[in-house]
Each structure stands twice: as structure tokens, then as C-alpha cells.
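Notes for the structure review
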Amino acid sequence: MNALLEDLRWRGLIAHSTDPDALAAHLDAGPIKSYIGFDPTAPSIHMGNLVQALLARRLQDAGHQPFMLVGGATGLIGDPKESGERTLNPIETVHAWVERIRSQVERYVSFEGSNAAVMVNNYDWTSQMSVLDFLRDVGKHFPVNRMLAREVVASRLEAGISYTEFSYVLLQSMDFRELYRRYGVTLQTGGSDQWGNLTAGVDLIRRSDQGKAHALATPLLTKADGTKFGKTESGTVWLDPALTSPYAFHQFFLNAEDAMVIDYLKVFSFRSREEIEALEQSRNEAPFKREAQRALADDVTDLVHGVEQRQAAVAAASALFGRGELRELGEDTLQGAAREVGGGDVASGATIVDAMVAAGVVKSNGEARRAISEGGAYLNNEKVTDPELVLGPEHLLHGKHAVVRRGRKTLGIVNVL
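Residues numbered from 1 in each chain as written. Predicted model: local features only at pLDDT ≥ 70, side-chain atom pairs only at ≥ 80, totals over all residues. Heavy atoms only, no water.

1. Thoughts on the pattern of salt bridges
A complete count under the given rule lists 16 salt bridges for this structure. A salt bridge links D7 to R11, with the shortest nitrogen-to-oxygen separation between them at 3.0 Å. Using a relative accessible area of 28% as the deciding quantity, one classes D7 as partly exposed. Linked by salt bridges that have partners in common, R146, D203 and R206 make up one network. (Salt bridge = Lys/Arg side-chain N within 4 Å of Asp/Glu carboxyl O. Buried < 20%, exposed > 50% of the residue type's maximum accessible area, 1.4 Å probe, protein only.)

2. Quick word on the environment of T189
One can find T189 in strand β5 (residues 187–191). Classification of T189 by relative accessible area gives buried; the value is 4%. Separated by 26 residues in sequence, T189 and A215 have C-alpha atoms that sit 5.8 Å apart. Once residues within four sequence positions are removed from consideration, T189 is found in contact with Y35, I36, Q52, L55, L59, L198 and L216. (Helix = DSSP H or I, 4+ residues; strand = E, 2+ residues; numbered from the N terminus. Contact = heavy atoms within 4.5 Å.)

3. Observations concerning the sheet that holds strand β13 (residues 410–416)
Note on sheets: strands pair through backbone hydrogen bonds, and any given pair is parallel or antiparallel. The five strands are arranged β9-β13-β12-β10-β11 in an open sheet whose pairing can be described as mixed. The open sheet is flanked by β9 (343–346) and β11 (382–383), the only strands paired with a single partner. (Pairing = 2+ DSSP bridges.)

4. Looking at the sheet that holds β5
Strand order in the open sheet formed by six strands is β1-β6-β5-β2-β3-β4, with mixed pairing between adjacent strands. Every other strand in the sheet has two partners, leaving β1 (16–17) and β4 (118–121) as the edge strands with one partner each. Sheet topology places β5 next to strand β6 (residues 214–218); five bridges connect them, and they run parallel. Directly across from Q188, in β6, lies its bridge partner A215.

5. A short note on helix α17 (residues 331–341)
Residues of α17 that are buried: T333, L334, G336 and A337. Viewed along the axis of α17, the buried residues span an arc of 160°, placing them on a single side of the element. Exposed residues lying more than 90 degrees from the buried face of α17 are D332 and R339. (Arc of directions from axis to C-beta.)

6. A closer look at the packing of helix α13 (residues 261–268) against helix α14 (residues 273–285)
Running from N to C, α13 and α14 point in directions that differ by 165°, and their axes come no closer than 10 Å. Between α13 and α14, the angle falls in the class roughly antiparallel. As α13 packs across α14, the resulting crossing turns out to be right-handed. Judged by residue contacts, V261, I262, L265 and K266 of α13 engage I276, L279, E280 and R283 from α14. (Axes fitted to C-alpha atoms, helices over the stretch in contact; angles between N-to-C directions. Parallel < 35°, antiparallel > 145°, perpendicular 65-115°, else oblique. Left-handed = near helix turned anticlockwise from the far one by under 90°.)

Encoded structure:
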């Protein structure tokens, strides 16, 4: 077994491969060139995309050359979804998202050295092709009966699917062939939900160029109950800090389930097998310590947002729950925490009772007063004893925020207008 493939299999990163033995031999004879595509159908990439970006890095660390494709052309269409037809975004919006996603993707691979990563945009070659050339050079290699048999297409036939989305597989396959022709790329990776697209590209290279190429798909990550990983009650966990703050990002991984945390470490962390197995033992013997969760949250936040932002997120969590100094937190960190823990607005001159209700830590003025009388109310981690206390300038963080807490864990952040 090829050492890289063996490591990927141990990490649970292989769901499908077109020919495992042939791919192993190909990697052993390498270095090879591989690619992964990211479609700009949103202003940021998410956790599923991160799996692919980190897979590209693992390939690069093993000596192979990664090509990172941002789909300025395919992003104008979007891969078919089982839930229904996508809304087509304006060209200007997609082109703007291309640049945002390019800047996110490039941080996970190195653009230096003998196997330096290469960034490409499929709009560069797709926009130059005429419809007739596309139909003659690409379309003729795709039997319609095989396209209809694709699971996502079959699921949409009764409700209806546009020719635009139906044809998406041709565009992605053409990308693989174009990279094969231009650069000698011979491996495409992606999620298992992309398996039909990946194998279609392999088939196109074989049919049109009599070439040999490979595809490898990773499993879709799930929670213990089988639901999709990377979703919260408030929505998708994005890699853009403006959409998911570093604080919320770190908290998301810190709250990983005991049953799944080791699986997530294998996928998202670059710790060695021995280190992960030691964390697994800790999880089994002393799960209350949550050492695996802390390692996971720290490692992934370091990768996505950097060490400084991770340290700020850890400091924020500590300060919010009374174990650190709130006034040392930066305003961006505090605002990110506010989006995660919740809160509200109060007018200038509001009392602590008003603030507790607005922050959502109590349901009523009476409940707030009871919490204060029982010694369970806090303003910026200081116990409050006077229900008539008015929030003044001395209570405000960065001139406009205040943290209110009931008991040890129920807290919110208010903005004083």
C-alpha cells in the first residue's frame, strides 16, 4: 500500500477510488499532479470545502503538486442539488466571489518549492469556447442514458431539472481534461457527492484522449446521528470570519461530540497517528477533560484563522465565563462572541434588570430581580446586588458593550445605544 493512501485510509478520507491499486502505483511512481475545484456559489467556502483543501495539502506534503481550481465558469451554473434548481447569481457577483474564495483557498497549500501549488480559474478556458465547439468536442462523449442515471439527476426528473444544471457534469469533466492537457494533471479529488462528476472526467480523458486518469472521493462528514457536519442552528459554519467569527468557529469544534471528535481530528488535524491515538485514549478514559475537543478546536482554528485569532477566541471564552479579564478583549472578538452567545440592545440609562432581559438571560423583570437577590447576577463578571443599578460609562466595554450573566453559564451581551 502506498504510504500516503494508507494514511488517508486511516484518517477516514477515502470513500471511493477509481482503481486503488493503479492509483497506489501511480503515486509511487510520482510525483503526480492533482486538482480540486471550488465553485463560488457563495461568498465563502465551508467545512466540506476545508476537507478538500486540507487533502490537497496532504498530497503536497507527500511531494505531489496540487492545482487549486476556483470555478468562475461552473460557479455561474452550480452543481445540481437534490432539493431543487439553483438561483443563478449575477456574473459580477460570481466574479467577486471567485477572488474571495481564491484568497481563502490559497492559505492551505504552499506556492513555493519544486511542487508549488498552482491556482487556476476555469472561466479562462470555458469563456473562450463556442457552443458548437463545446457540443462537438465535449458533448459527443457523454451518453445521455448515463447522464440520466446519475442519482442527483434521477431524483430531479419528476420535479424537473433545467438543461443548464443537467449539463454541469460536462463542464466539470472538461476542466479535468483541460488540466490534463495543459499541465499533466492525472488525479481529481472531491467529496463523495461529487463521485459521478469525478468519474465522468476520468471517462472523458479516456474517451477523447485515450489517457489514464484517476479520481478519489472523501466521505461526507456527519454527526453521530447521521446529520450533516458543519451546520448549526444558526446555519452553515463558514471559513470567512465575517460570516462565522473565530470565536464561534472555535466554539463549534470545542463542542464536538465525544463519539465523533477523534474522526474529526483525523480529518482536520495534522497531528501524528500516535498523538491522535493518545487523545483517543484520553477521550475513552477521561472524557470530562475534553482534551481531544480542545486539540481539535485549537488545531482547526489555527489553520483557518491563525494562532492569534485562536488565542483571542480562547481568551474570550475564558473571560465571558468569569475566568479572565473582559476589558482585555478586542472589540472584534467581543462582537464575534456576541453573535454567538446572543444578546440585544438597550437605551442609555438602562438598568441591570433591563439589560438582563434584553440579553435574554432571564425572561422577565421579576426573574431578573430574583436572580439579583439570590446572588446569581453578574455584570462584566462582577456580582450585582442592586436591581436599580444603571449602566454607566464605567460599565461599558469599548464604550458600548456590557456582558451580563445569570449563574455560571447563562450569559448575553448587550449594546448600549
